[in-house]
Amino acid sequence: QVQLVESGGGLVQSGGSLRLSCAASGRTFNNWSWGWFRQAPGKDREFVAYITGGGQFPYFGDSVKGRFTISRDNAKNTVYLQMNSLKPEDTAIYYCAAGEMPDICPTEYRYWGQGTQVTVSS
């Protein structure tokens, strides 16, 4: 039984920071890629970031580039998303996902968490 559980979401003021965590159980993901996606009401799921199995070649969506950082700790089977300089338009439900290859398309990921709400006030 594979589970991915996000945590760390909440309410933050514009310009603030949050760190999201996604902890996996049921199997190891050492050679899998992790992705972060977000979805605001009435909008499609948007790519945020991904990181490869060895931590090489992190990649970010244009809207978060320079503000967000993705990292992983394979010993803890966990991926993180550090979010800085947050803006109201970052408000969304944030999802972590695991896939066999990194991709900006959400359909290429096999496992998904339930999401954590991030709200940025103006």
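Conventions used here
- Residues numbered from 1 in each chain as written.
- Predicted model: local features only at pLDDT ≥ 70, side-chain atom pairs only at ≥ 80, totals over all residues.
- Heavy atoms only, no water.
- Core = buried A, V, L, I, M, F, W, Y, C linked by side-chain atoms within 4.5 Å.
- Buried < 20%, exposed > 50% of the residue type's maximum accessible area, 1.4 Å probe, protein only.
- Contact = heavy atoms within 4.5 Å.
- Phe/Tyr/Trp six-rings, centres within 6.5 Å; stacked < 30°, edge-to-face > 60°.
- Helix = DSSP H or I, 4+ residues; strand = E, 2+ residues; numbered from the N terminus.
- Lys NZ or Arg CZ within 6 Å of the ring centre and 35° of its normal.

Undergrad: Can you tell me about the nonpolar core, naming the residues and giving the values?
TA: Within soluble globular proteins, side chains that are nonpolar tend to cluster in buried spots. Counting 28 residues, the largest nonpolar core has W34, W36, F68, L81, M83 and Y94 as its most contacted members. Ignoring any residue separated from it by four or fewer positions in sequence, one finds M83 in contact with G16, S17, L18, L20, R67, F68, Y94 and V118. One finds F37, F47, Y50 and A97 within the second-largest nonpolar core, a separate group that totals 5 residues.

Undergrad: Would you mind going over the packing of aromatic side chains in detail, with residue names and values included?
TA: All told, the structure shown has 12 aromatic pairs when counted by the stated rule. Measuring from centroid to centroid gives 5.8 Å for W32 and Y111, while their planes differ by 40°, and the two rings are tilted. Taken together, the residues span a long stretch of sequence, with W32 in the loop between strand 3 (18–25) and strand 4 (33–39) and Y111 in strand 10 (residues 111–112) at a distance of 79 residues. The class for Y111 is partly exposed, based on a relative accessible area of 22%. Pairing F37 with F47 gives two aromatic rings, centres 5.7 Å apart and planes at 70°, and the pair type is edge-to-face. With F37 in strand 4 and F47 in strand 5 (residues 46–51), the pair connects residues that are 10 residues apart, well separated along the chain. The pair formed by F37 and F47 is uniform in burial state, with each residue classed as buried. The rings of F37, F47, Y50, Y59, Y95, Y109 and W112 are connected pair by pair, giving a single aromatic cluster. A cation over an aromatic ring shows up here: R27 above the ring of F29, its NZ or CZ 5.0 Å from the ring centre.

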